Amino acid sequence: MEKNSKNRYASTLILIQEFSKQKQAETIVNISSIESLIPSKNHEYYSISKSALNMLTKSAAQEYGHLGIRVNSIYPDLLFKNNIQKYWPSGVKNWQDKSPIKKLVNPQDVANTAIFLSSDFSHSINGENIIVDTVMSCVQAW
């Protein structure tokens, strides 16, 4: 694993453990990545660490659910950002060629999903990993 990955996810676990000591109903939303399910070439460390975060999400939901603490995560895919086409034209073109709706993920959609998972509208959702990827996880790979 990357040198900082172990510390990064250990700190996520420590934060969840400390949060649970408050013993009040709350929500934790982790940000994972679609690459935890569909890895990209040369991103093995990233994919492995995000997969670990997914299992931490499920384990923490099970561990702390009795305290009323919900733990979920979001799997975003390639996010739109200013100048992404300028700095990575081949990647964006490849994405748009494969995407059924021809667009990258809007960061606001990730934020809206986090708001939903933090709200009372999702009170029965716990231990889930929500994909926000503009349909790309449904695209045939071959």
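All values reported here derive from a predicted model rather than from experimental measurement.

Caption draft 1: Seen up close, the overall build of the protein. When helices and strands are tallied, the protein shows five helices and three strands. In the protein, the order of α-helices and β-strands from amino to carboxyl end is α-β-α-β-α-α-α-β. Based on the C-alpha atoms only, the size of the protein along its principal axes is roughly 50 × 35 × 30 Å. Out of the 142 residues in the protein, the part that is buried amounts to 35%. In the protein, of all internal contacts separated by at least 6 residues, the share reaching a separation of at least 24 is 73%. Summing over all exposed atoms, the protein offers an accessible surface of approximately 9,100 Å²; the carbon and sulfur share of this is 55%.

Caption draft 2: Just the sheet that holds strand E3 (residues 129-132), in detail. Judged by pairing direction, the sheet is parallel, and its three strands sit side by side in the order E1-E2-E3 without closing on themselves. What marks the edges here is a single partner per strand, and that holds for strand E1 (27-31) and E3. Averaged over all neighbouring strand pairs, the angle between strand axes comes to 25°, with direction disregarded. By the bridge criterion, five bridges tie E1 to strand E2 (residues 70-76) in an arrangement that is parallel. By the bridge assignment for E2, Ile31 is matched with Ile74.

Caption draft 3: The environment of Ile28, seen in detail. When you line up the elements, Ile28 lands in strand E1. Using a relative accessible area of 12% as the deciding quantity, one classes Ile28 as buried. Through-space distance from the C-alpha of Ile28 to that of Gln85 is 33 Å; in sequence the pair is 57 residues apart. For Ile28, the contacting residues outside a window of four places in its chain are Ile16, Phe19, Ile69, Arg70, Val71 and Asn72.

Caption draft 4: Just a nonpolar patch on the surface, in detail. On the surface, a cluster of nonpolar side chains totalling about 250 Å² of accessible area is made up of Leu37, Ile38 and Ile131. Mapped onto the secondary structure, Leu37 falls in the loop between E1 and helix H2 (44-64). A residue is classified by how much of its surface remains accessible, and Leu37, at 47% relative accessible area, is partly exposed.

About the thresholds
- Residues numbered from 1 in each chain as written.
- Predicted model: local features only at pLDDT ≥ 70, side-chain atom pairs only at ≥ 80, totals over all residues.
- Heavy atoms only, no water.
- Helix = DSSP H or I, 4+ residues; strand = E, 2+ residues; numbered from the N terminus.
- Buried < 20%, exposed > 50% of the residue type's maximum accessible area, 1.4 Å probe, protein only.
- Contact = heavy atoms within 4.5 Å.
- Areas by Shrake-Rupley, 256 points an atom, 1.4 Å probe, with all protein chains shown as cover.
- Pairing = 2+ DSSP bridges.
- Axes fitted to C-alpha atoms, helices over the stretch in contact; angles between N-to-C directions.
- Patch = residues over 30% accessible without salt bridge, like charges linked within 9 Å, V, L, I, M, F, W, Y side chains within 5 Å.
- Salt bridge = Lys/Arg side-chain N within 4 Å of Asp/Glu carboxyl O.

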